[in-house]
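# Results of the structural survey
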Amino acid sequence: MRRTFDRTTGWLVDHPWFVTALLLAISGVALLGYTDPQRLTNLLRVDNEDEQGVAETKEKFETPPDVDPVSLTDSDAVLVVESDDFFTPDGAAALRHVVDELESLDYVSDILWLDRVPLMNIFGLREPILPNAKASEGRFEAARRKAAEHPLVGGQLLSEDGRTLLLLIKFDWLFVSDDADCTARLRTVAEKAAADYPDVKFRFLVTGRVPTYLTIVQSHERNKYKYQIIGYAMIALIAVVLFRGLTAVFIVAMAPALGVFWTLGVLNYFDLQHNPFNDVVLPVLLSLVGLTDGVHLMVQIRRYRAGGLSERAAARAGVREVGLACGLTSLTTAIGFGSMSLAHHEIVRDFGWSCVLGVIMTFVAVVTVIPLACSTPLGRRVHVGHERGLIDRHLGRIGGIVEFVLTRTRTVSALGIGLTVFLIVVSLTLRPDERRTNSLPMGAEAAVGMQHMDRELGGLESSRIEIRWSADVPDDSPQILETISAVDDLLSQEPLIGYPLSIRNLLDALPGEGKASERMSMIDLLPPPLKRAFYTPERREAVVSFRVQDLGIAKYGPVFERIQDGLHKIKEQYPEFSFEMEGSAVWRWRHLFQIVNDLAASLGSASIIIFVVLALAYRSWRIGLISIVPNMFPLAVTGTSLVLMGQSLELVSVCAFTVCLGIAVDDTIHFLTRYEEERQKTDSEQEAIRAAFTGVGTALIMTTMVLIAGFSTVLFSDMRDQRIFAAMSGLTIGSALFGDLIFLPALLSRFMNNPPPATARSNEDGDQAEFES
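This is a predicted model, so every value here is computed, not measured. (Residues numbered from 1 in each chain as written. Predicted model: local features only at pLDDT ≥ 70, side-chain atom pairs only at ≥ 80, totals over all residues. Heavy atoms only, no water.)

## Points about the overall build of the protein chain
Basically, it comes down to this: Runs of H or I in DSSP of at least four residues are treated as helices and runs of E of at least two as strands, each being numbered from the N terminus. Exposure is judged per residue with a 1.4 Å probe applied to protein chains only, and the accessible area is read against the type maximum: over 50% gives exposed, under 20% gives buried, and values in between give partly exposed. Residues count as neighbours in contact if any of their non-hydrogen atoms are within 4.5 Å of one another. Surface accessibility follows the Shrake-Rupley procedure with a 1.4 Å probe radius. Residue values consider only the protein chains on display as shielding.
Looking only at helices and strands, the protein chain has 28 helices and 9 strands in total. Looking at the protein chain as a whole, 57% of its 773 residues qualify as buried. A separation threshold of at least 6 residues defines the contact pool for the protein chain, and within that pool the share at least 24 residues apart is 81%. Accessible surface for the protein chain amounts to roughly 32600 Å². Of this, 59% is attributable to carbon and sulfur atoms.

Structure (structure tokens):
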């Protein structure tokens, strides 16, 4: 394998015109992806008609559609109004004026608020809750009590204290021309209308399904280039300080930059460009992955140039020295990323495939662009500053660490294994969780509105209990109302369940009292649309809806479990009835365990495949087993840190853990590759370890510093998920360096105490002779 790789890369170095043509061809395909990806797709006859857009993907992933026609999820946007003046003459007039102005917008098709709830009197007379502006204070106070008692207003559209009111807005999408129409313009129009009543103080917040989604998209668009530029600038600055040569920095930066350009262009052919992780995280991630391989390659080329080799000879020797290691790191990194394809979440799967594609593109860029550039006149001064490198000048001091480790291999090895096992055990205590506001920027209006509704109205998100009964139960059976009442009482016992709503609440609002049989006879007095929203006798179904706060879906786990147990008990009492919890919150709770399963599947499969790849590449199962400790240690450190900080296992954590595994193994591969080469030259394991450290120690430390610097820039993002991803990545990469420089030498010295076989040494000598010739 090595001989084939050396011949291939050597041929590429010796044929720069072919490499140039290859680079131009790939760049052309990528550029076409930015402009018109469908053109090439049609030429290749790839059928994309069944692929869904980003809006459908996001909506299916985060909020499975509810069918409750009076739930808040039925509205496109929610205008949250906060005031003490709703039930005053000026306040009522101001509210009506606000609604009129909003409805004057051509794209607003309907607004549901407390003055337009369905009729609840048995005569069907129009009876608005708010009196006219000339009514007395007594009538307004009576209206306040009436609103609080109305089943569709109290706790649904109006908070218990009467200070928060909801306007549920639906759009006519034919007339929506701008994203701001669904967010900022609603608030602006409402504020302008309220300003006509200076004595009334209203505060408006726009939230809901559409504003939440638009906020996520707009935040990604704002961050798309901002943090890329900051990250690249930070990487360039660190690289200049470490390399002490602008030419080397420029050449190293060219490869990952071209890899990112190729990747983002090609993603358009697969309709992956809208993934929420692909606009900020993926470019920075690929830049850092490419930069690590580029730094290793450049360090070797500079050493050969400083040793007197020509530009092309130095490039050829550098690729031969570390090219195979770069190939293995790209392979294992792609395996780590590709393991995310086992996830059940479409966003995670798409991100995994995007990373795999990006790693391949970036590797091709590194092994072609850097040798090509170094073979040209541009590479004449690539070694300038080599002798003044910051790491090289201090590597001798750092090398003392290796001497310390090699004199205590038993202790350090035991510590590494024991500490890794202990940290893994602690990491296993992580529990999955998910909050909808985690995907929103800090302080975003949609998030603030959602949090306000959590406090005042029991939440924005709704779910329901679907009740069905057999054909043996008559439509007017009192058992139907008794069962619905039992479910309603069950939900009311849970403090985290907000304001259950069912046909029972509507019947209780009608005048009169009596047994269930008598109340069932009054169902026909309800307006048909209102009745059918909760009760459809021809389908033998009824619904009890309830509200859920955004406290983290894991917090609702015990609540939903108690509700399920209660439903089982109700079924025992009413065996002809069946019960099912449905809705977006219930769906997320049921699928929450998939986060753990996805992480286990991703890390487990990636770890096994990487172990097998390393064992085969180095022709040693012992090396494969040894590599497990330095690769699992950084992941265990990061997992334990999450536990200590009180964090939970979230979707972004699954992505970060899998990505970090792919990156953490890179340093191990570079160290092991150099170690195997040095073993062919000496019978002393410790001498081979010392030589490997000297050979790749500079590059390992440099790449770690660059990686941490690059990821640290994302810590300033206003998106919580991106900050968590960056923090986990930085901590994992730093821990990986510690494991590779401390634990790995000790483990190799402790367990690799047999010299390499003579055949391997002779083959290496033959390869070296062929290369030198």
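## Some words on the packing of aromatic side chains
Formally: Working definition: rings of Phe, Tyr and Trp (its six-membered ring) pair if their centres are within 6.5 Å, and the pair is stacked with planes under 30 degrees apart, edge-to-face with planes over 60 apart, and tilted otherwise.
Within the structure shown, the criterion is met by 16 aromatic pairs. Pairing Phe-86 with Phe-202 gives two aromatic rings, centres 5.7 Å apart and planes at 50 degrees, and the pair type is tilted. Remark: Phe-202 occurs in the loop between helix 7 (184-194) and strand 4 (203-207) and Phe-86 occurs in the loop between strand 1 (77-82) and helix 5 (89-103); sequence separation between them is 116 residues. Like Phe-86, the residue Phe-202 is buried in the burial classification. Arranged with centres 5.9 Å apart and planes meeting at 50 degrees, the rings of Tyr-107 and Phe-171 form a pair that is tilted. With Tyr-107 in the loop between helix 5 and strand 2 (108-112) and Phe-171 in strand 3 (residues 164-171), this residue pair connects regions lying 64 residues apart in the sequence. For the pair Tyr-107 and Phe-171, a shared accessibility class is recorded, and that class is buried. Put simply, the rings of Trp-469, Tyr-535, Tyr-574 and Phe-577 touch in pairs and so form one group of aromatic residues.

## Section: the environment of Glu-137
Mapped onto the elements, Glu-137 comes out in helix 6 (residues 137-149). By relative accessible area, which is 70% here, Glu-137 ends up exposed. With 48 residues separating them along the chain, Glu-137 and Pro-89 place their C-alpha atoms 8.1 Å apart.

## Here's the deal with the side chain of Arg-720
Topologically, Arg-720 is positioned in helix 27 (residues 720-751). Look past the residues within four positions of Arg-720 in its chain and what remains in contact with it is Asn-438, Gln-647 and Glu-650.

## A look at the nonpolar core
Rule in force here: Take the buried residues of types Ala, Val, Leu, Ile, Met, Phe, Trp, Tyr and Cys, join any two whose side-chain atoms come within 4.5 Å, and each joined set is a nonpolar core.
Among the nonpolar cores identified, the biggest contains 111 residues, and Leu-285, Phe-351, Ile-370, Phe-671, Phe-725 and Leu-748 are the most heavily contacted of them. Looking at this core, the element that brings in the most residues is helix 12 (residues 346-375), giving 17 residues. Beyond its immediate stretch of four places on either side in the chain, Leu-285 contacts Phe-337, Phe-351, Cys-355, Val-659, Ile-663 and Phe-711. Judged by nonpolar contacts, the second largest core, of 100 residues, contains Val-81, Leu-440, Leu-481 and Leu-526.

## Re the packing of helix 2 (residues 16-35) against helix 9 (residues 246-266)
The description of two packed helices rests on the angle between their axes and on the distance between the axes. As a reminder, the rule being used: Working convention: axes come from line fits to C-alpha atoms, limited for helices to the stretch in contact. Angles between N-to-C directions cover 0 to 180 degrees. Any angle from 65 to 115 degrees is called roughly perpendicular, while one under 35 is roughly parallel, one over 145 is roughly antiparallel, and all others are oblique. What makes a crossing left-handed is the near helix being turned counterclockwise from the far one by less than a right angle; a clockwise turn instead makes it right-handed. For this scheme, ten residues count as nonpolar: Ala, Val, Leu, Ile, Met, Phe, Trp, Tyr, Cys and Pro. Four count as charged, namely Asp, Glu, Lys and Arg, and the remainder, Gly too, count as polar.
Running from N to C, helix 2 and helix 9 cross one another at 45 degrees; their axes reach a closest spacing of 7 Å. The orientation of helix 2 with respect to helix 9, classified from their angle, is oblique. The hand of the helix 2/helix 9 crossing is left-handed. Two secondary-structure elements touch here, helix 2 through Leu-23, Ile-26, Ser-27, Ala-30, Leu-31, Gly-33 and Tyr-34 and helix 9 through Leu-258, Val-260, Phe-261, Trp-262, Leu-264 and Gly-265. Taken together, the residues of the contact of helix 2 with helix 9 break down into 10 nonpolar, 3 polar and no charged.

## Describing the confidence of the model for the protein chain
Keep this limit in mind: Within a predicted model, pLDDT stands for the predictor's per-residue confidence, ranging from 0 to 100.
The predicted model of the protein chain averages 81 in pLDDT, with 85% of residues at 70 or higher. In this model, residues 43-72 is a region of pLDDT below 50 whose contacts with residues beyond four sequence positions or in other chains number 54 contacts. Within the model, the stretch residues 757-773 combines pLDDT values under 50 with 17 contacts to residues more than four positions away or in other chains.

## So, the pattern of salt bridges
Heads up, the rule is: A side-chain nitrogen of Lys or Arg and a carboxyl oxygen of Asp or Glu constitute a salt bridge if their distance falls within 4 Å.
The full count for this structure, using the stated rule, is 33 salt bridges. Ionic pairing is found between Arg-187 and Glu-445, a salt bridge with its closest N-O pair at 2.4 Å. Here Arg-187 is found in helix 7, whereas its partner Glu-445 is found in helix 15 (residues 445-457), with 258 residues between them in sequence. Taking the shortest distance from any N to any O, the salt bridge between Glu-466 and Arg-468 comes out at 2.7 Å. Given a relative accessible area of 13%, Glu-466 falls into the buried group. Since its relative accessible area comes to 31%, Arg-468 is described here as partly exposed. Through salt bridges that share partners, Arg-464, Glu-466, Arg-468, Arg-539 and Glu-541 make up one connected network.

## Thoughts on unusual backbone geometry
With a phi close to 55 degrees, Asp-271 is a non-glycine residue in the positive phi region. For Asp-271, the location among the structural elements is in the loop between helix 9 and helix 10 (281-306). A residue is classified by how much of its surface remains accessible, and Asp-271, at 31% relative accessible area, is partly exposed. Its identity as a non-glycine residue notwithstanding, Arg-619 has a phi of 55 degrees, on the positive side. When you line up the elements, Arg-619 lands in the loop between helix 22 (593-617) and helix 23 (621-626). Assessed through its relative accessible area of 68%, Arg-619 is described here as exposed.

## Observations regarding the pairing of strand 6 (residues 497-501)
Threshold: In this description, strands pair whenever DSSP reports at least two bridges between them.
With 4 of 5 residues buried, strand 6 is to be regarded as a mostly interior element. Sheet topology places strand 6 next to strand 8 (residues 541-548); 3 bridges connect them, and they run antiparallel. Counterpart to Leu-501 in the pairing with strand 8 is Ser-545.

## A short note on helix 20 (residues 557-573)
Note the cut-off: Each residue after the first adds 1.5 Å to the expected span of a helix.
With 17 residues, helix 20 should cover 24 Å at 1.5 Å per step; its first-to-last C-alpha distance of 25 Å lies within 8% of that length. Those residues of helix 20 lying buried are Gly-557, Val-559, Phe-560, Ile-563, Gly-566, Leu-567 and Ile-570. The inward-facing, buried residues of helix 20 abut strand 5 (461-469), helix 16 (478-492), strand 6, strand 8, strand 9 (577-583) and helix 21 (584-590).

## Concerning a nonpolar patch on the surface
We apply this condition: Patches here are clusters of residues that have more than 30% relative accessible area and form no salt bridge, with a 9 Å joining cutoff for like charges and a 5 Å cutoff for nonpolar side chains (Val, Leu, Ile, Met, Phe, Trp, Tyr).
Together, Ile-417, Val-421, Val-425 and Phe-751 line one region of the surface with nonpolar side chains, adding up to about 330 Å² of accessible area. Here the nonpolar patch takes 3 residues from helix 14 (residues 409-427), the largest share from any one element. Assignment of secondary structure puts Phe-751 in helix 27.

## A short note on the sheet that holds strand 3
Strand order in this open sheet of 4 strands is 2-3-1-4, and the pairing throughout is antiparallel. Looking along the sheet, the strands with just one partner apiece sit at the ends: strand 2 and strand 4. Each strand of the sheet is rotated relative to its neighbour by a mean of 25 degrees, with strand direction disregarded. Two elements, strand 1 and strand 4, share 5 bridges in a ladder whose sense is antiparallel. Following the sheet pairing, Val-81 is matched in strand 4 by Phe-204.

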